[in-house]
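Chain residues, written in single-letter form:
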Amino acid sequence: MELYDIEPWAVDHLDPHGLIFCYLCADENGTEDEDVQDDCDAPDPDAQDIWFANQLSDDACASQAMLNIIFNCRGVQLDPSLHRFHMDTEKMSWVMKGLAITNCQFIREAQNSLARPADLRAANHSIATKISKEMKHKNASTATPASKKRKSTTKTNRGKKQQKTKEDQQDTFHFIAYVPCDGKVWELDGLRISGPLEVGEISDAGGPSGRQGWMDVVRPALKLKMQRHLSGEAREQIRYNLLAIVDDQYMKFSDALEMQKRERSALERRLDKEYPNSWSDKVNENLLVNASQVFSTSVHSSDLGPTYAQDFGSRKMVKDMSILDMPVRSLPSAWEACVQAAMAAKVSVEDEITKSKNMNADFIRRTFDYEPFIQTFVTCLQEEGLLQPILSGQQPSNNEPSTAKAKSKPKKRSRR
C-alpha cells in the first residue's frame, strides 16, 4: 500500500508490518547513501537472529525488500513455498541467502510475472550483451601483447564515444526495508555488506501484534532520508516513495462481515426462543426488510462464507457467550446494531472488490504484449501505401487511388 504521509493519523490505523522506502539513486549501482558505501562497519551482533539477504541480482531490490520484511514478521501466515524457503535458508549467511533468492525458480517467476514483455526482452538483451562482452574480453586476454595493446586503445576510444549525458541516463531506483523485530526497528538494505542497521529500540512493543510504537521510532529516520532527497535541485520533483506492507484489507473486512452474519444468527436464535410468536414488531421495519440484502455481497451470498483470521473462532466464541448472557430487553437493539454494523462492513468489502477489479485490469493492460499488434498494423499501413504519407505529415485523400494499386493504362485513340 502506498503512503502519502508518515504522521500518526495516516499510518497508525494501518498497523503496518514493515515499510519500504524507494528513492532515486545517483548511479546505476544504487550506492547513493553513505551508509551503504561504508563497507568497513562491523556487523551488529544483535542482528544475528534477523533474516537478512544481500542483493546479488539486478532489478530485484523491491522483491528483496519485501522478502526481508515478511520473513521477519511474527505470526504471518506464509505460502507453503515461501515457508519452505524460509526454513531452508534460516541458518544461511546473508550472502548465501541472497544467492538462494537469485536461484529460486518460483520467486523468479513471481518477479517476472509483474514485468512488461518489453522489459523481459530488454533484460534478456542486456544479459546477452554482457556475456558477449565478457567473451570478447576473455578472448582478448589470451591474445598476443601487441593485439592486447591495440584492443586497449580501441576500448579507450570506444569508452569516450559511449559516454552518456545526464539527460540520456535511465533513472535507477533502490528499495530499503524497515521492519520491527525482537523489540527493535531495523533498516534492511540488501546493498549494505555489514547487514541490518539498528534504527532504535521500541519502548512499548505490546499489543496483539507486538508492533505497537515502532512507527514512533522509524518516523525520524524516514524524515531524515526524505530531507536528504529534497535538497538542492531535487526540491523541484519528488525523488522518493514510501510503501507499507499491511494485512489484506479484503480479508479484514470480509471477516468483519462474516462475524456479523454469525452474530445475527445467534441473536435470532435467542429472539425466537424469547419471543415464540413473533419478534418482528420489536425491531426497525426497514432493517428487517433489507436484512437479507445487507449480509450479501457481489461475490458471496448471505449464507455463511469463508473466514481468514486465525483467531476468528475464539472471537466468535466470546461473542456467542456475550449473546447468551445478554438480557432479553437488549436483544432487539443488539440485532439492529448488528445489521447496521453489517452495512458498514459490506460497503468496505465492496470497495475492496472494486479496487481488486481495477488493479487486475491495470495489470492486464500493463503486462499485455502489444508489439505483435503494432507490427501487424504498421505492415498493413505500408502495404496499403498509407505509411509514407503519415510519416511525412500528409493526410491521404480518400479520393486518390492507393499507390499500391496498379495505374490504369490510357485508352488508345481509334484511327479513322
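Fair warning: this is a prediction, and the values are worked out from it, not measured in the lab. (Residues numbered from 1 in each chain as written. Predicted model: local features only at pLDDT ≥ 70, side-chain atom pairs only at ≥ 80, totals over all residues. Heavy atoms only, no water.)

1. Considering the overall build of the protein chain
Here comes step 1: A tally of helices and strands in the protein chain yields 16 helices and six strands.
Here comes step 2: When each of the 416 residues of the protein chain is scored for burial, the buried share is 32%.
Here comes step 3: Residue pairs at least 24 apart in sequence account for 73% of intrachain contacts in the protein chain once pairs closer than 6 positions are excluded.
Here comes step 4: Summed over its atoms, the accessible surface of the protein chain is roughly 28000 Å², and 53% of this surface lies on carbon and sulfur atoms. (Helix = DSSP H or I, 4+ residues; strand = E, 2+ residues; numbered from the N terminus. Buried < 20%, exposed > 50% of the residue type's maximum accessible area, 1.4 Å probe, protein only. Contact = heavy atoms within 4.5 Å. Areas by Shrake-Rupley, 256 points an atom, 1.4 Å probe, with all protein chains shown as cover.)

2. Overview of the pattern of salt bridges
Here comes step 1: Following the criterion strictly, the structure yields 19 salt bridges and no others.
Here comes step 2: Here Asp46 and Lys184 are joined by a salt bridge, their closest N and O atoms 2.8 Å apart. Residue Asp46 is found in the loop between α2 (34-37) and α3 (61-70), and its partner Lys184 is found in strand β4 (residues 184-188); the two are separated by 138 residues along the sequence.
Here comes step 3: Taking relative accessible area as the criterion, Asp46 reaches 44% and is therefore assigned partly exposed.
Here comes step 4: Judged by its relative accessible area of 13%, Lys184 falls in the buried class.
Here comes step 5: Note that Arg121 is salt-bridged to Glu371, the shortest N-O span being 2.5 Å. Here Glu371 lies in helix α15 (residues 371-383) and Arg121 lies in helix α7 (residues 117-141), a separation of 250 residues in the sequence.
Here comes step 6: Judged by its relative accessible area of 35%, Arg121 falls in the partly exposed class.
Here comes step 7: Given a relative accessible area of 33%, Glu371 falls into the partly exposed group. (Salt bridge = Lys/Arg side-chain N within 4 Å of Asp/Glu carboxyl O.)

3. Side note on the packing of helix α10 (residues 249-274) against helix α13 (residues 312-324)
Here comes step 1: Following both chains from N to C, one finds α10 and α13 inclined at 30 degrees, their axes separated by 10 Å at the closest point. Considering their axes alone, α10 and α13 lie roughly parallel with respect to each other. α13 is crossed by α10, and the crossing has right-handed handedness. Contacts between α10 and α13 pair Asp255, Glu258, Met259, Arg262, Glu263, Ala266, Leu267 and Arg270 from the former with Phe312, Arg315, Lys316, Lys319, Asp320, Ile323 and Leu324 from the latter.
Here comes step 2: Among the residues making up the contact of α10 with α13, the classes are represented as six nonpolar, no polar and nine charged. (Axes fitted to C-alpha atoms, helices over the stretch in contact; angles between N-to-C directions. Parallel < 35°, antiparallel > 145°, perpendicular 65-115°, else oblique. Left-handed = near helix turned anticlockwise from the far one by under 90°. Nonpolar A, V, L, I, M, F, W, Y, C, P; charged D, E, K, R; others polar.)

4. A word on α13
Here comes step 1: Counted at 1.5 Å a residue, the expected span for α13 with its 13 residues is 18 Å, and the 19 Å between its end C-alpha atoms agrees.
Here comes step 2: Within α13, burial applies to Phe312, Asp320 and Ile323. Down the axis of α13, the buried set is contained in an arc of 70 degrees. They therefore lie on one face. Seen from the open side of α13, the exposed residues pointing more than 90 degrees away from its buried face are Met317 and Val318.
Here comes step 3: Check the buried side of α13 and you find it contacts α10. (Expected span 1.5 Å × (residues − 1). Arc of directions from axis to C-beta.)

5. Regarding the sheet that holds strand β1 (residues 2-3)
Here comes step 1: Taken together, six strands build an open sheet; the order of strands is β1-β6-β2-β3-β4-β5 and the sheet is antiparallel. The strands lining the two open edges of the sheet, one partner per strand, are β1 and β5 (197-201).
Here comes step 2: Note that β1 and strand β6 (residues 240-245) share two bridges and pair antiparallel. From the neighbouring strand, Leu3 faces β6, where its bridge partner is Leu242.
Here comes step 3: Contacting β2 (18-24), β3 (173-181), β4 and β6, α3 runs over the sheet at an angle of about 0 degrees to β3. (Pairing = 2+ DSSP bridges.)

6. Some words on the environment of Leu67
Here comes step 1: Structurally, Leu67 is set in helix α3.
Here comes step 2: Under the relative-accessibility criterion, Leu67 is labelled buried at 8%.

7. Details of the UniProt feature "active site" (unreviewed entry) in the protein chain
Here comes step 1: According to UniProt, the positions carrying the feature "active site" (unreviewed entry) are Cys61 and His174. The greatest C-alpha distance among the annotated residues, which extend across 114 residues, is 6.3 Å, indicating that they converge on a single site.
Here comes step 2: Within the secondary structure, Cys61 sits in helix α3.
Here comes step 3: Given the relative accessible area of 8%, Cys61 is considered buried.
Here comes step 4: The contacts of Cys61, once residues within four sequence positions are left out, are Gln55, Phe173, His174 and Phe175.
Here comes step 5: Assignment of secondary structure puts His174 in strand β3. (UniProt positions renumbered as here; feature names shortened; annotations may be inferred.)

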